[in-house]
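Coordinate analysis (summary)
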Amino acid sequence: MVSRPSRPPTEAVIQVRGLCNRFGLQSVHENLDLDVYKGEILAVVGGSGSGKSVLLRSIVGLNRPSEGAVRVFGQDLPSLPQQQRSQVERRFGVLFQKGALFSSLTVTENVALPLIEHAGLSRADAEHLAAVKLALAGLPLSAADKYPASLSGGMIKRAALARALALDPDILFLDEPTAGLDPIGAAAFDQLILTLRDALGLSVFLVT
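First things first, this report covers the structure right here in the doc. (Residues numbered from 1 in each chain as written. Predicted model: local features only at pLDDT ≥ 70, side-chain atom pairs only at ≥ 80, totals over all residues. Heavy atoms only, no water.)

1. Re the sheet that holds strand β5 (residues 67-72)
The cut-off we apply is this: Paired strands are those between which DSSP finds at least two bridges. Helix and strand assignments follow DSSP, with helices taken as H or I runs no shorter than four residues and strands as E runs no shorter than two, numbered in order from the N terminus. Each axis is a line fitted through C-alpha atoms, and for a helix only the stretch in contact is used; angles between axes span 0 to 180 degrees, taken between their N-to-C directions. Every residue pair with non-hydrogen atoms within 4.5 Å of one another is taken to be in contact.
The sheet built from three strands is open, its strands ordered β3-β2-β5 with antiparallel pairing. At either end of the open sheet lies a strand with only one pairing partner, and these are β3 (26-37) and β5. Averaged over neighbouring strand pairs, the angle between their axes works out to 15° when direction is ignored. Bridge count for strand β2 (residues 12-23) against β3 is eight bridges, and the pairing is antiparallel. Paired with R22 across the two strands is S27, which belongs to β3. Packing against the sheet, helix α1 (residues 52-60) makes contact with β2, β3 and β5, and its axis sits at approximately 120° to β2.

Here's what the structure looks like:
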């Protein structure tokens, strides 16, 4: 499933060529080619265990493919020096399965953390920006000071999305973003992604 912006895409922000992922005797991907263009939403749909998350992890550099090449913004991440690689990775926003929020931090603190750690902001400035990101993700102000254990499944997804948006990424990677949500909640989340793509000019790669 692909959703493109109103004007034709011209720039491939992700290029996958001849990708192979093997684990022992099991082959997950063989000679996979894939392009994601600027402003495009690309959804990879498949059953459990079909290799969707492995593909996502290969693109963001968390999994080194057995063969093939992955280029993001024209860069081969594994070959870059650490400092350059970190600069490229700051242009990613990743929503992990089940949110992966820090249970000991409030929602605001979860979203503020990358702003403090990677952007060097003070806690006050980071939490101010975190409030903006939470609003973008559609979370009510009342959720800001809650801990993840107090949130519903849909609110956890939106809090994780706000954290993924914290550093103003160019690409959003979404791993099972609507898993566990009821049909109404899932449809609302899908519409939110479309709205954010149009408003912020994001490219979106999601597996579901």
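This is not the end of the story, as more comes after the structure.
2. So, the packing of helix α5 (residues 153-164) against helix α6 (residues 183-200)
Put simply, the rule reads: The scheme is simple: roughly parallel for angles under 35 degrees, roughly antiparallel for over 145, roughly perpendicular for 65 to 115, oblique for anything else. By convention, the crossing between two helices is left-handed when the near helix turns anticlockwise from the far helix through less than a right angle, and right-handed when the turn is clockwise. Residue polarity follows a fixed list, in which Ala, Val, Leu, Ile, Met, Phe, Trp, Tyr, Cys and Pro are nonpolar, Asp, Glu, Lys and Arg are charged, and the others, Gly among them, are polar.
The N-to-C vectors of α5 and α6 enclose an angle of 15°; their axes lie 11 Å apart at closest approach. By the angle class used here, α5 and α6 are roughly parallel. Where α5 crosses over α6, the handedness of that crossing is right-handed. Note on element contacts: α6 touches α5 through A188, F189, L192, I193 and L196, opposite K157, R158 and L161. Looking at the contact of α5 with α6 residue by residue, the classes come out as six nonpolar, no polar and two charged.

3. Details of unusual backbone geometry
Where the residue is not glycine, phi is negative for most of them; where a peptide bond is considered, it is trans in most cases. Within the chain, N31 stands out as a residue other than glycine whose phi angle is a positive 55°. Within the element layout of this structure, N31 appears in strand β3. Unlike most non-glycine residues, F73 shows phi in positive territory, near 55°. Counting through the fold element by element, F73 comes out in the loop between β5 and α2 (82-89).

4. Here's the deal with the side chain of K52
Applied cut-off: Any N or O atom pair separated by 3.5 Å or less is treated as a polar contact, with the protein-specific requirement of one donor-capable and one acceptor-capable atom, and with residues adjacent in sequence counted only for side-chain atom pairs.
As for its position among the elements, K52 is in helix α1. At a separation of 3.0 Å, a polar atom in the side chain of K52 contacts the main-chain carbonyl oxygen of G47. Among all residues touching K52, those that are not within four sequence positions of it are V44, V45, G46, G47, E176, V207 and T208.

5. What about the packing of aromatic side chains?
Spelled out, the test is: Here a Phe, Tyr or Trp ring, Trp counted by its six-membered ring, pairs with any other such ring whose centre lies within 6.5 Å, and the pair is stacked when the planes are under 30 degrees apart, edge-to-face when over 60, and tilted otherwise. When accessible area is computed with a 1.4 Å probe and restricted to protein chains, residues below 20% of their type maximum are described as buried, those above 50% as exposed, and intermediate ones as partly exposed. A ring has a charge above it when a Lys NZ or an Arg CZ is no more than 6 Å from the ring centre and no more than 35 degrees off the ring normal.
Following the criterion strictly, the structure yields three aromatic pairs and no others. Here F173 and F205 contribute two aromatic rings whose centre-to-centre distance is 6.1 Å and whose plane-to-plane angle is 55°, an arrangement assigned as tilted. In this pair, F173 sits in strand β7 (residues 171-175) while F205 sits in strand β8 (residues 203-207), placing the two residues 32 residues apart along the sequence. Assessed through its relative accessible area of 0%, F173 is described here as buried. F205 sits in the buried class, given a relative accessible area of 0%. Between the NZ or CZ atom of R91 and the centre of the ring of F73, over which it lies, the distance is 3.7 Å.

6. Observations concerning the layout of surface pockets
Definition in use: A cavity here means a set of 1 Å grid points, computed over protein atoms only, where a 1.4 Å probe fits but cannot escape. A pocket is an open set with protein on both sides within 12 Å along at least 5 of 7 lines, and lining residues have an atom within 4 Å of a point. Grid points are joined across faces, edges and corners, and a volume is the space filled by probe spheres set on the points.
Here the largest pocket is characterised by a volume of approximately 570 Å³. Of all the secondary structure elements, the ones that give two or more residues to the lining of the largest pocket are α2, β6 (92-95), α3 (107-117) and α5. When grouped by side-chain class, the residues that make up the lining of the largest pocket number 12 nonpolar, four polar and four charged.

7. Structural notes on a nonpolar patch on the surface
Rule in force here: Residues forming no salt bridge and having over 30% relative accessible area are the ones grouped into patches, like charges within 9 Å of each other and nonpolar side chains (Val, Leu, Ile, Met, Phe, Trp, Tyr) within 5 Å. Only the protein chains shown count as covering a residue, and every accessible area follows the Shrake-Rupley method with a 1.4 Å probe. We define a salt bridge as a side-chain nitrogen of Lys or Arg found within 4 Å of a carboxyl oxygen belonging to Asp or Glu.
Taken together, the side chains of L129, V132, L136 and L200 define a hydrophobic patch exposed on the protein surface, amounting to about 290 Å² of accessible area. Take L129: it is sitting in helix α4 (residues 123-136). Take L129: its relative accessible area is 33%, and that puts it in the partly exposed class.

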